[in-house]
Amino acid sequence: MKILITGGAGFIGSHLCDALLIENHKIVVVDNLILGRIENISHLIGLESFQFIEEDILNFDKLQGIFKEHSFDMVYHLAANSDIQKGGKDPEVDYNLTFNTTFNILLCMKEFDVKKLFFASTSAIYGETLENLTEDFGPLQPVSNYGAGKLASEAFISAFSATYNIQTWITRFPNVVGERFTHGVIFDFINKLKANPHELIVLGNGEQNKPYLYVKDLIEGILYVCNTAQDRLNVYNLGSYTRTKVKEIALMVIEEMGLKATIKYTGGDRGWVGDVPEFKYDLSKINQLGWEAKINSNDSVRIAIQKALGK
Ligand SMILES: NC(=O)c1ccc[n+]([C@@H]2O[C@H](COP(=O)([O-])OP(=O)(O)OC[C@H]3O[C@@H](n4cnc5c(N)ncnc54)[C@H](O)[C@@H]3O)[C@@H](O)[C@H]2O)c1
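Residues numbered from 1 in each chain as written. Predicted model: local features only at pLDDT ≥ 70, side-chain atom pairs only at ≥ 80, totals over all residues.

## Section: the nonpolar core
Buried together is how nonpolar side chains tend to be arranged in soluble globular proteins. The criterion, for reference: Note on definitions: a nonpolar core is a set of buried residues drawn from Ala, Val, Leu, Ile, Met, Phe, Trp, Tyr and Cys, linked by C-beta atoms within 7 Å. Residue burial here comes from a neighbour count, namely the number of other C-beta atoms, placed from the backbone, that lie within 10 Å of the residue's own C-beta, with 20 or more meaning buried, 12 or fewer meaning exposed, and in between meaning partly exposed. Domain delimitation in this document rests on an assignment produced automatically or drawn from a domain database. By the convention adopted here, residues make contact when the C-beta atoms placed from their backbones lie within 7 Å.
Residues Ile-5, Val-29, Val-75 and Ile-186 are the most contacted members of the largest nonpolar core, which totals 84 residues. Two domains each provide a minimum of three residues to this core, namely domain 1 (2–176 + 214–237) and domain 2 (177–211 + 241–279 + 295–308). With near-sequence residues (within four places) excluded, Val-29 lies in contact with Ile-5, Gly-8, Ala-9, Cys-17, Ile-41, Phe-52 and Ile-53.

## A short note on the site of the ligand
Threshold: Throughout this description, a residue near a molecule or strand is one whose C-beta atom, derived from the backbone, lies within 6 Å of it. Comment: elements are numbered from the N terminus, with helices defined as DSSP H or I runs of at least four residues and strands as E runs of at least two.
Surveying the vicinity of the ligand reveals 28 residues, the closest of which are Gly-7, Gly-10, Gly-36, Ala-80 and Ser-82. The biggest single contributor to the shell around the ligand is helix H1 (residues 11–22), with 3 residues.

## Regarding the pairing of strand S1 (residues 2–6)
Our working definition: Think of it this way: DSSP has to see at least two bridges between two strands before they count as a pair. Crossovers are marked right-handed if the path from the first strand over the helix to the second runs clockwise, as seen with the strands pointing away from the viewer.
The buried fraction of S1 amounts to 4 of the 5 residues, a majority that puts the element mostly inside the structure. Sheet topology places S1 next to strand S2 (residues 26–31); 5 bridges connect them, and they run parallel. Within S2, the residue paired with Leu-4 across the bridge is Val-28. As for the winding sense of the linkage, the β-α-β connection from S1 through H1 to S2 is right-handed. As judged from the 4 bridges shared by S1 and strand S4 (residues 74–77), these two strands associate in the parallel manner.

## Focus on the packing of helix H6 (residues 185–195) against helix H8 (residues 246–256)
This is how the line gets drawn: Where helices are involved, their axes are fitted lines through C-alpha atoms of the stretch in contact, as for all axes, and angles between N-to-C directions lie from 0 to 180°. For classification purposes, angles smaller than 35 degrees are called roughly parallel, those larger than 145 roughly antiparallel, those between 65 and 115 roughly perpendicular, and all remaining angles oblique. Should the near helix be turned counterclockwise from the far one by less than a right angle, the crossing is left-handed, whereas a clockwise turn marks it as right-handed. Side-chain classes are defined by residue name, with Ala, Val, Leu, Ile, Met, Phe, Trp, Tyr, Cys and Pro counting as nonpolar, Asp, Glu, Lys and Arg as charged, and the others, Gly among them, as polar.
At a minimum axis distance of 10 Å, the contact between H6 and H8 shows a crossing angle of 45°. As the angle between them shows, H6 and H8 are arranged oblique. Read as a crossing pair, H6 and H8 show a hand that is right-handed. Side by side, H6 and H8 meet where Val-185, Ile-186, Phe-189, Ile-190 and Leu-193 of the first sit next to Val-246, Ile-249, Ala-250, Val-253 and Ile-254 of the second. Looking at the contact of H6 with H8 residue by residue, the class counts come to 10 nonpolar, no polar and no charged.

## Points about the domain arrangement of the protein chain
Split by domain assignment, the protein chain resolves into domain 1 (2–176 + 214–237) and domain 2 (177–211 + 241–279 + 295–308). Just the C-alpha atoms count here: the centres of domain 1 and domain 2 sit 26 Å apart. With 25 residues of domain 1 in contact, the opposing surface of domain 2 contributes 20 residues. Elements supplying a minimum of two residues to the side of domain 1 that touches domain 2: H1, helix H3 (84–89), strand S8 (175–177) and helix H7 (215–228). Split by residue class, the side of domain 1 that touches domain 2 holds 12 nonpolar, 8 polar and 5 charged.

## Observations regarding the environment of Glu-179
Tracing the chain through its elements places Glu-179 in the loop between S8 and H6. On the basis of neighbour counts, which here come to 15 C-beta atoms within 10 Å, the residue Glu-179 falls in the partly exposed class. Each C-alpha atom, one on Glu-179 and one on Gly-88, is 26 Å from the other, the two residues being 91 residues apart in sequence.

So, in structure tokens, the structure goes:
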């Protein structure tokens with residue numbers, strides 16, 4: 001297939017490029033590098049089946065030109081804001097980068113008759129709840145602008161799928177970790193400890209407890225869902241049942257860096273406004289489809305730390 005990957009120079013998108021190229025697809029990446037990095041895809045530039053276009057998806061005329069030129073069979077839409085705290089300070093960030101990018105992609109898919117869409121969604125759409133999160137859990141009340149931008153995207157994707165007959169796969173990721181990450185708790189802890197090896201300041205009380213998934217497991221799960229689920233609209237939680245507390249991550253990072261740093265907690269049950277301190281996926285739907293994560297949450301965190309430290 002000829003595939004467009006939006007956000008393909010980002011952390012997850014670049015791993016998806018690697019995996020889809022192995023499956024012999026032709027890939028076009030559109031990314032404006034606002035959060036992504038050219039280094040993530042530099043090993044692919046020059047390949048005949050790979051093209052990188054540095055462009056802002058919010059630039060609608062340019063996006064139309066790209067769709068017109070390429071006749072895509074499928075779009076993997078991953079471009080979004082990944083800095084959730086920044087999105088909390090300025091609501092325009094998620095309105096534009098998380099929602100409007102999706103809307104522009106949908107308009108172009110309709111105009112140029114592209115009939116297959118994958119969308120990278122998130123646990124953040126569920127908001128703050130201690131319930132076991134099934135795919136039909138509701139009401140959906142996100143507590144971050146990022147979660148709202150993703151939920152609004154899902155709503156329009158569902159409507160476009162029904163109205164214009166676009167086969168769609170939505171997977172809701174947990175926290176994803178591994179090579180090439182540029183944000184998130186492990187990335188932050190390593191940078192803080194490089195700046196001050198004696199003390200690690202942790203936002204919140206360290207009890208935040210969430211599933212972490214290794215990026216290569218995630219990519220395998222995405223491809224499995226897209227290749228296996230064949231309804232018009234396919235919505236799946238993607239993750240593992242196991243979870244890791246922030247204080248466990250802090251200890252692992254300190255240990256892997258060979259330090260004896262003390263940990264200081266800023267207090268409160270969450271890292272920042274909009275952070276969801278705890279959540280738990282029900283994964284029976286994806287398990288029944290035939291996929292489960294190979295690597296548990298603690299091991300995913302450990303691998304990600306080691307890779308980030310070049311071990
Ligand atoms: N990393 C996680 O833990 C996680 C969890 C849940 C969902 N997701 C979703 O997965 C996707 C990929 O996330 P990631 O962690 O790789 O983040 P990332 O920031 O590394 O990747 C996002 C990419 O989108 C690009 N982008 C943003 N706005 C753009 C625009 N207007 N035009 C063109 N490109 C634009 C950025 O430059 C970046 O390369 C996102 O949709 C994110 O919401 C990620």
